[in-house]
Amino acid sequence: MSVTTPTEYCAEAPESLAEQAYRQLRDRLTVLEIRPGAMIQDAHLATEMGIGRTPVREALKRLQTDHLVVSYPRRGTFATQVDITALSDVSELRRNLEPLAARKAALAAPPHVRQEMQDLARTLADLAGGEPTNESFMRADLRVHRLIYRASGNAHLEETLMRLDNLATRIWCLVLDRVPTVGGHVHEHVHLLEAIAAGRAEEAAELALEHVTGFERTMRSIL
C-alpha cells in the first residue's frame, strides 16, 4: 500500500530523489522490513533503488533525526533498535497531539480530503470484514494517521506526529504476532475518519484519544 504525506492540498512539484529515498527508507524502517540493528550501506541502497548515492546519503541524514538510523564513526550506519522503553514518552506526547490533529482536521480539511477520508473508511470496513493479514492492518493504520496529520493543515504538527507514530508503529510491528486485537484496533479508525469527514471536531478528538490510549494499553499488556 503506497503511503504519501504531502503537506499542501494544491498540486506539488515532483519529489526530489532525496525525498523519494527518504520516504521509501522511512517506511521500510518503520515496518521493520529493514530489521533493527541491520547495517545500512548507501551503495547497496542506491543500486537497489536505481538512484545515486548522494540522495541516499541525504535521506539517511534525515532518518537520523527521526531516530530510525544511527551512524557511528568508522563503523557505519545501522537501523536503530526498537526502543520499547520509549513507549511512555511517545504515548504521553501522542495523547496530547493526536486529539489536536483530529480536531483541526475536522475543522480545516477541504472537501476533497474529507471525501478521501470517507473512501478510506469504507476500505477499512471492507478490510475488517475479510481475512486481512496483520501487515495489511498495520499499513492501513499508517495510512489513516498520515492522512489525518496532513488534513490538520499544520506542517509542524504533521512532522512531529509522523515521527512519533513511526516510533510507535515500530514497537507494534515488533510484537505484531502477539497482538490479539489488531483488527479491532484499526477498525476504530472507521468511526474516527467518519467523524472528521463530517466535521464533528470534539467527537474526533475524543476518538483519537481513545485510540492512542487503547494502543498503549494493548502494548503494555504484551511487553
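Overview of the structure. (Residues numbered from 1 in each chain as written. Predicted model: local features only at pLDDT ≥ 70, side-chain atom pairs only at ≥ 80, totals over all residues. Heavy atoms only, no water.)

Attention shifts here to unusual backbone geometry. Positive phi values are uncommon outside glycine, yet L32 reaches one of about 65°. On the secondary structure map, L32 appears in the loop between α1 (17-30) and β1 (39-40). Residue classification places L32 among the buried residues on the basis of a relative accessible area of 3%. Even without being glycine, R74 reaches a positive phi, approximately 65°. With respect to the secondary-structure elements, R74 resides in the loop between β2 (69-72) and β3 (76-79). On the accessibility criterion, R74 (84% relative accessible area) is exposed. (Helix = DSSP H or I, 4+ residues; strand = E, 2+ residues; numbered from the N terminus. Buried < 20%, exposed > 50% of the residue type's maximum accessible area, 1.4 Å probe, protein only.)

A cluster of nonpolar side chains, contributed by I84, L174 and L223, occupies part of the molecular surface with about 220 Å² of accessible area. Mapped onto the elements, I84 comes out in the loop between β3 and α4 (87-108). Relative accessible area serves as the criterion here: at 36%, I84 is assigned to the partly exposed category. (Patch = residues over 30% accessible without salt bridge, like charges linked within 9 Å, V, L, I, M, F, W, Y side chains within 5 Å. Areas by Shrake-Rupley, 256 points an atom, 1.4 Å probe, with all protein chains shown as cover. Salt bridge = Lys/Arg side-chain N within 4 Å of Asp/Glu carboxyl O.)

In terms of strand pairing, β2 meets β3 through 4 bridges, oriented antiparallel. The partner of S71 across the bridge, within β3, is T77. Here β2 folds back onto β3, and the loop between the two strands holds 3 residues, one of which, R74, carries a positive phi near 65°. (Pairing = 2+ DSSP bridges.)

The subject of this paragraph is the sheet that holds β3. Strand pairing in a sheet relies on backbone hydrogen bonds. The paired strands run either parallel or antiparallel. The antiparallel open sheet is built from 3 strands, whose spatial order is β1-β3-β2. At either end of the open sheet lies a strand with only one pairing partner, and these are β1 and β2. Pairing of β1 with β3, which is carried by 2 bridges, proceeds in the antiparallel orientation. Bridging across to β3, M39 finds its partner in F78.

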